[in-house]
Amino acid sequence: MKKGDRIQRYSAPERINHWIVALCFTFAALSGLGFFFPSLNWLMNVLGTPQLARLLHPFVGVVMFVAFLRMFFRYWQHNLPDREDLIWAKNIHKIALNEEVGDTGRYNFGQKCVFWAAIFSLVLLLASGIVIWRPWFADAFAIPVIRFALVVHSVSAVALIIVIMVHIYAALWVKGTITAMVEGWVPAAWAKKHHPRWYRAVREQQSRPTQQEKRP
């Protein structure tokens with residue numbers, strides 16, 4: 001779709017889903033850090049009280065996983081590696097200087113790495129979270145399994161936090177990215193500069209006649 005000299009990057013449902021993930025991540029991360037690190041126990045007040053945070057933390061985590069799963073099925077094809085990713089990776093020094101390299105599609109190699117790292121971390125968080133989820137599932141597992149799951153859950157949580165921090169930094173680094181996440185539209189010049197292959201695909205789709213136009 002086109003609006004003036006802008007191109008739609010994300011629809012309203014996509015943006016809402018994205019911010020649901022972001023909100024759930026914030027709540028889950030703060031309450032989780034407070035749970036695993038006693039010195040940060042005050043963070044658990046983000047959900048009211050430490051007791052309420054412990055109760056709601058796994059439910060918030062499940063909602064976050066389901067919401068991100070919707071994003072996964074929507075975007076996974078756009079995040080498959082291709083030859084242009086090698087060019088992007090080999091020229092990471094130019095990327096650091098805010099230069100663009102390669103014929104990038106909808107997402108560049110850095111964004112793809114964030115996407116797959118996030119889904120991998122979330123799968124581990126869900127699996128380990130089920131094992132340690134009291135009183136619903138933990139009683140079905142042996143103590144050594146629960147201890148191992150606690151380690152996996154902690155490491156995966158830290159990994160996801162780092163991934164999200166990289167995601168936020170990249171969004172702030174590339175001017176126009178935050179606007180795309182909030183409004184859903186980006187300037188055509190922005191799309192052509194940062195994602196030229198995606199820009200051409202959108203333009204090609206826009207130039208195709210609709211079924212109504214094809215009718216005599």
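In what follows, the accompanying structure is described. Since we're looking at a predicted model, the values are computed, not measured.

Another aspect to go through is the overall build of the chain. Scanning the chain from N- to C-terminus turns up 10 helices and 3 strands. The secondary structure elements of the chain, listed N-terminal to C-terminal, are β-β-α-α-α-α-α-α-α-β-α-α-α. The 216 residues of the chain split such that 36% are buried. About 13500 Å² of surface is accessible on the chain, with carbon and sulfur atoms providing 69% of the total.

What follows covers the packing of helix 3 (residues 83-90) against helix 5 (residues 109-132). Where helix 3 contacts helix 5, the axes come no closer than 9 Å and their chain directions differ by 105 degrees. When the axes of helix 3 and helix 5 are compared, the pair comes out roughly perpendicular. Packed against helix 3, whose contacting residues are Asp85, Trp88 and Ala89, the element helix 5 presents Phe109, Gly110 and Lys112 at the interface.

To continue, consider helix 2 (residues 50-75). Here helix 2 contains 26 residues, and its C-alpha end-to-end distance of 36 Å stays within 8% of the 38 Å for a straight helix at 1.5 Å per residue. Its axis deflected by about 40 degrees at leucine 56, helix 2 carries its strongest bend there, up to four residues before the proline proline 58. Three or more residues of helix 2 are buried, namely Ala53, Pro58, Val60, Met64, Phe65, Ala67, Phe68, Met71, Phe72 and Tyr75.

Time to look at the pattern of salt bridges. Tallied over the entire structure, the rule returns 8 salt bridges. Of the charged contacts, one joins arginine 197 and aspartate 82 as a salt bridge, the two residues approaching to 3.2 Å between their closest N and O atoms. On the criterion of sequence distance, the pair formed by arginine 197 in helix 9 (residues 196-207) and aspartate 82 in the loop between helix 2 and helix 3 is long-range, its members being 115 residues apart. A salt bridge links arginine 197 to aspartate 103, with the nearest nitrogen and oxygen atoms 4.0 Å apart. Taken together, the positions of arginine 197 in helix 9 and aspartate 103 in the loop between helix 4 (92-96) and helix 5 put the pair 94 residues apart, joining distant regions of the chain. Accessibility expressed as a relative area gives 22% for aspartate 103, which makes it partly exposed. Through salt bridges with shared partners, one network takes in Asp82, Asp85, Asp103, Lys112, Arg197 and Arg200.

Right, let's talk about the environment of tryptophan 185 for a bit. Within the element layout of this structure, tryptophan 185 appears in strand 3 (residues 185-187). The class of tryptophan 185 is buried, set by a relative accessible area of 13%. Spatially, the C-alpha atoms of tryptophan 185 and arginine 9 are 5.4 Å apart, while their sequence positions differ by 176 residues.

Attention shifts here to the nonpolar core. Among the nonpolar cores identified, the biggest contains 35 residues, and Ile7, Phe68 and Leu160 are the most heavily contacted of them. Going through the elements one at a time, helix 1 (12-36), helix 2, helix 5, helix 6 (143-173), helix 8 (188-194) and helix 9 are the ones with two or more residues in this core. Looking at this core element by element, the count peaks at 8 residues for helix 2. Val131, Ala138, Ile146 and Ala149 belong to the second largest nonpolar core, which has 5 residues in total.

There is a patch of nonpolar side chains on the surface, built from Leu52, Leu55, Leu56, Phe59, Ile130, Trp136, Phe137, Phe141 and Val145 and spanning about 790 Å² of accessible area. For phenylalanine 59, the location among the structural elements is in helix 2. Owing to a relative accessible area of 40%, phenylalanine 59 belongs among the partly exposed residues under this scheme.

So, about unusual backbone geometry. The step from arginine 134 to proline 135 runs through a cis peptide bond, and the omega angle for that step is 0 degrees. Considering the arrangement of structural elements, one finds proline 135 in the loop between helix 5 and helix 6.

Let us now look at the packing of helix 5 against helix 6. For any two helices packed against each other, one specifies the inter-axial angle together with the distance between the axes. Helix 6 packs onto helix 5 with a crossing angle of 150 degrees between their chain directions and a minimal axis gap of 8 Å. With respect to helix 6, the element helix 5 is oriented roughly antiparallel. Relative to helix 6, helix 5 is oriented so that their crossing is left-handed. The residue makeup of the contact of helix 5 with helix 6, split by class, is 18 nonpolar, 6 polar and no charged.

Scanning the model with the defined rule gives 11 aromatic pairs in all. On the numbers, 6.1 Å between centres and 85 degrees between planes, the contact of tyrosine 10 with tyrosine 75 is edge-to-face. Residue tyrosine 10 is found in the loop between strand 2 (6-8) and helix 1, and its partner tyrosine 75 is found in helix 2; the two are separated by 65 residues along the sequence. Like tyrosine 75, tyrosine 10 is buried. Three or more aromatic residues link up through ring pairs in this structure, and these residues are Phe68, Phe72, Phe73, Phe115 and Trp116. The ring centre of tryptophan 198 lies 4.7 Å from the NZ or CZ of arginine 9, which sits over that ring.

What counts, and where the lines are drawn
Residues numbered from 1 in each chain as written. Predicted model: local features only at pLDDT ≥ 70, side-chain atom pairs only at ≥ 80, totals over all residues. Heavy atoms only, no water. Helix = DSSP H or I, 4+ residues; strand = E, 2+ residues; numbered from the N terminus. Buried < 20%, exposed > 50% of the residue type's maximum accessible area, 1.4 Å probe, protein only. Areas by Shrake-Rupley, 256 points an atom, 1.4 Å probe, with all protein chains shown as cover. Axes fitted to C-alpha atoms, helices over the stretch in contact; angles between N-to-C directions. Parallel < 35°, antiparallel > 145°, perpendicular 65-115°, else oblique. Contact = heavy atoms within 4.5 Å. Expected span 1.5 Å × (residues − 1). Bend = angle between axes of the 7 residues up to and from the residue. Salt bridge = Lys/Arg side-chain N within 4 Å of Asp/Glu carboxyl O. Core = buried A, V, L, I, M, F, W, Y, C linked by side-chain atoms within 4.5 Å. Patch = residues over 30% accessible without salt bridge, like charges linked within 9 Å, V, L, I, M, F, W, Y side chains within 5 Å. Left-handed = near helix turned anticlockwise from the far one by under 90°. Nonpolar A, V, L, I, M, F, W, Y, C, P; charged D, E, K, R; others polar. Phe/Tyr/Trp six-rings, centres within 6.5 Å; stacked < 30°, edge-to-face > 60°. Lys NZ or Arg CZ within 6 Å of the ring centre and 35° of its normal.

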